[in-house]
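# Residue-level structural notes
Read off the chains here:
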Amino acid sequence: MSAADFFDGESGAAHPVEVTLEAGHLRVDRTDPLLWPLAEVHAVGDAADPSCLSVGPKGDAARVVIRDEELIAALRRVCPALETPERGPGWLRLLGLAVAAGAAVWVSVALILPALTTRLAASLTPEAEALLGDVSLRNRLAELGEDDGTPVRVCATPEADAALTKLADRILIGIDIRYDLQFTVVDYGGLNAISMPGGRILIMNGIFQAAETAEELASVVAHELGHSYHRHATTRALREAAAQGLPELLIGNFPGGDQVLEVIRRLTQARYKRSIEIEADVFAHERLRDAGIPVSAMASLFVKMSLFEREQLGLASHLQTHPSFADRIAAAEAADAGGAPGAELLSAAEWTALRTVCDA
Amino acid sequence: MVLETKFAGSARGLLPLAVWGGVATVATLGLYRCWIKTRLRRWYWSAIQPGGHPLEYTGLGGEKFQGFLIAVVALALYIAVVNSVLMYLGFAALNSEHGGPVMAVIAIAPMVIYARYRARAYLLGRTRWRGIRFGLEAGAGGYVLRMLAGILAVGLTLGAALPYVFWDLDRYITERTWWGTAQMRMEGDWRELIPAARYLWIGLGALLLVAAAALLIDRAALFGLLIAGPLTLGGWAYFRAEGFRIMTNAKSVGVMRLRANPDTKAIVGTVFVGVTVVYGGLAVAVTLAQRGFDGRIAAISYNDMTELLVNVSAQWAILASFLAVMIAIYLFWAVLMHLVLVLPLLRLYATAVSIEGDGFAAVAQREEARFATADGFGEALDLGAGL
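Residues numbered from 1 in each chain as written. Chains lettered and ligands numbered in written order. Predicted model: local features only at pLDDT ≥ 70, side-chain atom pairs only at ≥ 80, totals over all residues.

### Considering the overall build of chain B
Where we set the bar: Helix numbers and strand numbers start at the N terminus; a helix is a DSSP run of H or I with at least 4 residues, a strand a run of E with at least 2. Three exposure classes are used, all based on how many other C-beta atoms lie within 10 Å of a residue's own C-beta (placed from the backbone): buried at 20 or more, exposed at 12 or fewer, and partly exposed between those limits. Whether two residues are in contact depends on their C-beta atoms, placed from the backbone: they are in contact if these lie within 7 Å.
The helix and strand tally for chain B stands at 12 helices and 10 strands. Dimensions along the principal axes, computed over C-alpha positions, put chain B at roughly 80 × 50 × 45 Å. The proportion of buried residues among the 387 residues of chain B is 39%. Considering only contacts in chain B between residues 6 or more positions apart, those separated by 24 or more positions represent 74%.

### Some thoughts on the overall build of chain A
We count it as follows: Only C-alpha atoms enter the radius of gyration; for comparison, a globular chain is expected to reach 2.2 Å times N to the power 0.38, where N is the number of residues.
Of the regular secondary structure elements, chain A holds 13 helices and 11 strands. What you see for chain A is a C-alpha radius of gyration of 36 Å, clearly larger than the 21 Å of a compact globule of 360 residues, by over 25%. Across chain A, every contact between residues at least 6 apart in sequence was considered, and the portion connecting residues at least 24 apart equals 65%.

### Here we look at the sheet that holds strand β6 (residues 177-179) of chain B
Through backbone hydrogen bonds, the strands of a sheet pair up, either in parallel or in antiparallel fashion. Residues and elements named next belong to chain B. As a reminder, the rule being used: Strands are treated as partners if at least two bridges between them are detected by DSSP. Simply put, an axis is a line fit to the C-alpha atoms, just over the touching stretch for a helix, and the angle between two N-to-C directions goes from 0 to 180 degrees.
The antiparallel open sheet is built from 10 strands, whose spatial order is β2-β1-β10-β9-β8-β7-β6-β5-β4-β3. Each having just a single partner strand, β2 (48-50) and β3 (55-57) make up the two edges of the open sheet. Within the sheet, the average angular offset between the axes of one strand and its neighbour, ignoring direction, is 25°. Relative to the sheet, helix α2 (residues 33-47) contacts β1 (2-7), β2, β3 and β4 (127-129), its axis offset from that of β3 by approximately 170°. Together, β1, β2 and β10 (353-356) form the strand contacts of helix α11 (residues 312-351), whose direction differs from that of β1 by roughly 170°.

### What to know about unusual backbone geometry
You will see that A:R231, though not glycine, has its phi angle at about 55°, which is positive. Considering the arrangement of structural elements, one finds A:R231 in the loop between α6 (214-229) and α7 (232-243).

### Overview of the environment of B:A80
Its place among the elements puts B:A80 in helix α3 (residues 61-92). Take B:A80: there are 26 C-beta atoms within 10 Å of it, and that puts it in the buried class. In sequence terms B:A80 and B:R33 are 47 residues apart; their C-alpha atoms lie 25 Å from each other. Contact partners of B:A80, with chain neighbours within four places excluded, come to A:S108, A:I112, A:L113 and A:L246.

### Some remarks on the interface of chain A and chain B
Test applied: The residue classification treats Ala, Val, Leu, Ile, Met, Phe, Trp, Tyr, Cys and Pro as nonpolar and Asp, Glu, Lys and Arg as charged. All others, Gly included, are polar.
Opposite the 65 residues of chain A that make contact, chain B presents 69 residues. Taken together, the elements giving at least two residues each to the side of chain A that touches chain B come down to β1 (2-7), β7 (63-66), α2 (91-122), α3 (126-148), α7, α8 (246-251) and α11 (315-319) of chain A. Classifying every residue of the side of chain A that touches chain B by side-chain character gives 40 nonpolar, 16 polar and 9 charged.

### Some remarks on the sheet that holds strand β4 (residues 34-37) of chain A
Residue and element names in this part refer to chain A. Read from one edge to the other, the open sheet built from 7 strands follows the order β4-β3-β2-β1-β7-β6-β5, with strand pairing classed as antiparallel. The open sheet terminates on both sides in strands that have one partner only, identified here as β4 and β5 (41-42). Judged from the 4 bridges that link them, β1 and β7 form a sheet pairing that is antiparallel. Paired with F6 across the two strands is V64, which belongs to β7.

### A look at the environment of B:R133
Looking at the secondary structure, you find B:R133 in strand β5 (residues 132-136). Along the sequence, B:R133 and B:L77 sit 56 residues apart, while their C-alpha atoms lie 35 Å from each other. Excluding residues within four positions of it along the chain, B:R133 makes contact with A:A61, B:G125, B:R128, B:G180, B:Q365, B:R366 and B:E368.

### What about the pairing of strand β9 (residues 256-260) of chain B?
All names here are of chain B. Pairing geometry for strand β8 (residues 251-253) and β9, over 2 bridges, is antiparallel. Considered in β9, the bridge of V253 is made with M256. Connecting β8 to the antiparallel partner β9 that follows it, the hairpin turn spans 2 residues, and G254 within it adopts a positive phi of roughly 55°. Here 4 bridges tie β9 to β10, and the two strands are oriented antiparallel to one another. If you follow L258 over to β10, its bridge partner there is I355.

### Remarks on the packing of α2(A) against α3(B)
Defined as follows: An angle counts as roughly parallel when it lies under 35 degrees, as roughly antiparallel when it exceeds 145, as roughly perpendicular when it falls between 65 and 115, and as oblique in every other case.
In contact at an axis separation of 9 Å, α2(A) and α3(B) are set at 0° when each is read in the N-to-C sense. In this view, α2(A) runs roughly parallel relative to α3(B), as classed from their interaxial angle. When grouped by side-chain class, the residues that make up the contact of α2(A) with α3(B) number 21 nonpolar, 5 polar and no charged.

### Focus on the packing of helix α4 (residues 99-125) of chain B against helix α5 (residues 140-156) of chain B
Residues and elements named next belong to chain B. Applied cut-off: The handedness criterion is simple: a crossing whose near helix is rotated anticlockwise from the far helix by less than a right angle is left-handed, and one whose near helix is rotated clockwise is right-handed.
Remark: α4 packs on α5, axes separated minimally by 9 Å, with the N-to-C direction vectors making an angle of 130°. The pairing of α4 with α5 is recorded here as oblique in orientation. By crossing handedness, the relation of α4 to α5 is classed as right-handed. Residues A109, P110, I113, Y114, Y117 and R118 of α4 touch α5, and the partners they reach there are A140, Y143, V144, M147 and L148. For the contact of α4 with α5, a count of residues per class yields 10 nonpolar, no polar and 1 charged.

### Re the pairing of β10(B)
Residues in a regular strand point their side chains to alternate faces of the sheet. Residues and elements named next belong to chain B. On β10, burial follows the alternation: V353 and I355 on one face are buried, whereas S354 and E356 on the facing-out side are not. Note that β1 and β10 share 3 bridges and pair antiparallel. Across the sheet, the residue bridging to V2 is E356, located in β10.

### Overview of helix α7 (residues 198-216) of chain B
Residue and element names in this part refer to chain B. Spelled out, the test is: An expected span of 1.5 Å times one less than the residue number is assigned to each helix. In this description, the arc belongs to the directions extending from the helix axis to the C-beta atoms.
Relative to the 27 Å expected for 19 residues at 1.5 Å per residue, α7 spans 27 Å between its end C-alpha atoms, a close match to the ideal helical length. Taken together, the buried positions of α7 are occupied by L200, G203 and L204. The arc enclosing the buried residues of α7, seen along the axis, measures out at 95°, which places them on a common side. In α7, those exposed residues whose orientation departs by more than 90 degrees from the buried face are A212 and L216.

### Looking at the environment of B:A18
Residue and element names in this part refer to chain B. Relative to the helices and strands, A18 resides in helix α1 (residues 11-27). Separated by 19 residues in the primary sequence, A18 and K37 have C-alpha atoms spaced 10.0 Å apart. Every residue in contact with A18, bar those within four places of it in the chain, is listed here: A334, V335, H338 and L339.

### Some details on the confidence of the model for chain B
Detailed reading of the predicted coordinates is not advisable wherever pLDDT is low. For the record, the criterion: The pLDDT value expresses, per residue, how confident the predictor is, ranging between 0 and 100.
Of all residues in chain B, 97% attain a pLDDT of 70 or more, and the chain-wide mean is 89. Here the complex is predicted with pTM 0.84, and the ipTM for its interfaces comes to 0.86.

In structure tokens:
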């Protein structure tokens, strides 16, 4: 027999009582004694205080708070379900909800976001896109400068600009690009060109040096115009901004979570980028063919570019933002109509103006 | 009659549960965290014993997880649609790349506050003392409006409105809180909180000065954060501790009055040590790990790097070691968080409270509340509310 405090679960008053462990039940002595079957004596578990146990019949708010360590030890021995948790929702229900949650995230990321952002991007006015493009261009130029430590130099001559415009006009025969195209050439050795919202296209001088013919250069310009035509940069900016907060829902905020989120973000971005690169290539194939420019020029430029990069395999391939050069070369060659080239693309003077635009 | 509160939990008792919690959370990719939260809360609640009778936490991990999953379904769809439209409006109407994200935060803020209130209601609805349940009555909508107005007021007045806003929000929740059939009351005046905010205001003033100097004079002024930061943290801890004392003394439940006399110095000290160890330690560990990896990767020669890009097993080895380091850091962090911050602070606050008067017999039971989503929206919106 031990002294304990009894709470009847109906009022907050404390009643000093004697509790006794008897065969098959716990006896709580009151004027009207309570007999709780041991199989139903329950505590919530994970008690911090080993010298205190609060128990009651399962599913009932009535409690005795026991401080007799011997009785506590005895109850732990003889009550079969003392700290068995109360039943929450069943496993099947939780599994079903987990599947629903996964599906909802998938639908959001893979269906709603792309469909919605593509449509929304298409309804932006060219002027709004151009403003966005100007912001992106400024940011890109700043980034390139940071890589080098010195501000990146923009190269511009009226002759070079005219030559690029001439190339673009030839490629875009019969196509409404919607934008006032604006080419920006930077004194940078990389073999890259970047399409930004609103028809802003950044070209690195390295491309002019690597291209051996105006046709090869045209293939790069056609590819970038493909991005502009399909509004890839605008859609991507919308998508990436809109997707913020989605992965955080699942992962929550704990140390290391940021790194995990970054990996997820890069993986999904890389996948999307690979798909838009292919779309831009296809656009370039068609435009080049229609303009009477051999698509094989694209293949030969890719061969040169591929010498500077190695295909990534395994995990790294998932982070790759471009499709493999082998695939792109094969696609360009397959798209080559093989017909006779059309009229001359650029005059010798125009070609030289482009090659020397950064020499001044 | 005065009931003092005893705190019967020790770091040694908590350690196994905290370690197991960290390991199980990592091992299940975070899925188990609802159950771990439940077990930790049960432990903490059982340690708090006003008048020698422990609080009991009757929440269930399963119901939390269910609520979390429901919240994910709702929020995933909501965020995809609302964010897309807001980003579009940011681009189209504001011609700004920042407009959309700012609007997205504003759009989600009411939901976060709503979820906070619901999480509080769930916590109280699953807490018992002396066999009697607590409860928080409906009122989340009003809470959202008050909190939004409060945040705006604090921002516009550069913190001057803090005492009023804190008092107002605390009173809003207090007067909707019930223990059984006894409603809590809060009397007194918000102006009592003004002296408690003095160090916080000094800290905020220092922060503003540093920011202004950095913007207008020289970026080197940012080193002033080394003083202004700790000053603000200390001021905040002081404000919370003194605010707790002042506001608790203004509260009553039925005919019983609450009294609080927290050891403010000890609380400020604990916050300093705890935050330094837990967050400072975390920052140092993550930086060292990051540097270690970046340094190793930078040291790889061009040839080896191109080799690495095609070497699948080496890539897996790098990924695995990176994850192992991150998991180790997380485990240390999760355990330290409880041992040096949550446990000591809870002990200091709990033991400060006493209850005067004897009206227990007049308090009757309240019905058990149902919570379809438990604190799931809070969990998904990541309130970071460990307790």
